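Here's the letter readout for the chains.
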Amino acid sequence: MAFLRSFLGGKHAMRRKSSLTPKGFMAVYVGENDETKKRYVVPVSYLNQPLFQELLGKSEEEFGFDHPMGGLTIPCHESLFFTVTSQII
């Protein structure tokens, strides 16, 4: 997890194995297919960010409101997710 935090420049996107999500955060599943999807926890404030909203638009196009993982699924490569979240202030 320290690598991820340093990779993201200290941003708040975190990989968590626990099913518990801290208050003020939400879980998202990131990956292009079921085998590569990973769970990340991001601040709910990301919902107001235009860059993150673009990722949500991709999710809406692919899944609508029926997310197979049971949570918000973002169908993109992890590196794109890291790039987007690292640019959010």
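What this report covers is the structure whose coordinates are included nearby. What you see is a predicted model; the values in this text were computed from it and never measured.

**So, helix α2 (residues 50-63)**
Every α-helix carries 3.6 residues per turn, so stepping three or four residues along brings you back to the same face.
So, point 1. In this model α2 runs 20 Å from its N-terminal to its C-terminal C-alpha over 14 residues, within 8% of the 20 Å that 1.5 Å per residue would give.
So, point 2. Buried within α2 we find F52, L55, S59 and F63. Buried residues of α2, viewed axially, fall in a sector of 60 degrees; they line one side. Residues P50, E54 and E61 are exposed on α2 and point more than 90 degrees away from its buried face.

**Some words on the pattern of salt bridges**
So, point 1. Applying the stated criterion across every chain, the model contains two salt bridges.
So, point 2. Note that D34 and K37 form a salt bridge whose closest N and O atoms lie 3.2 Å from each other.
So, point 3. Residues K38 and E78 are paired through a salt bridge, measuring 3.3 Å at the closest nitrogen-oxygen approach. In this pair, K38 is assigned in strand β3 (residues 38-43) and E78 in helix α3 (residues 78-87), connecting sequence segments 40 residues apart.
So, point 4. Exposure remark for K38: the relative accessible area of 28% places this residue in the partly exposed category.

**Comments concerning the nonpolar core**
Considering soluble globular proteins, one finds that nonpolar side chains tend to be buried as a cluster.
So, point 1. Among the nonpolar cores identified, the biggest contains 14 residues, and V28, V30, V42, F52, L55, I74 and F81 are the most heavily contacted of them.
So, point 2. Going through the elements one at a time, β2 (25-30), β3, α2 and α3 are the ones with two or more residues in this core.
So, point 3. For L55, the contacting residues outside a window of four places in its chain are I74, C76, L80, F81 and V84.

**Topic: the pairing of β3**
So, point 1. By the criterion of burial, β3 is predominantly enclosed, with five of the six residues buried.
So, point 2. Across six bridges, β2 lies against β3 in antiparallel orientation. Each residue of the ladder has a partner; that of A27, found in β3, is V41.

How each quantity is defined
- Residues numbered from 1 in each chain as written.
- Predicted model: local features only at pLDDT ≥ 70, side-chain atom pairs only at ≥ 80, totals over all residues.
- Heavy atoms only, no water.
- Helix = DSSP H or I, 4+ residues; strand = E, 2+ residues; numbered from the N terminus.
- Expected span 1.5 Å × (residues − 1).
- Buried < 20%, exposed > 50% of the residue type's maximum accessible area, 1.4 Å probe, protein only.
- Arc of directions from axis to C-beta.
- Salt bridge = Lys/Arg side-chain N within 4 Å of Asp/Glu carboxyl O.
- Core = buried A, V, L, I, M, F, W, Y, C linked by side-chain atoms within 4.5 Å.
- Contact = heavy atoms within 4.5 Å.
- Pairing = 2+ DSSP bridges.

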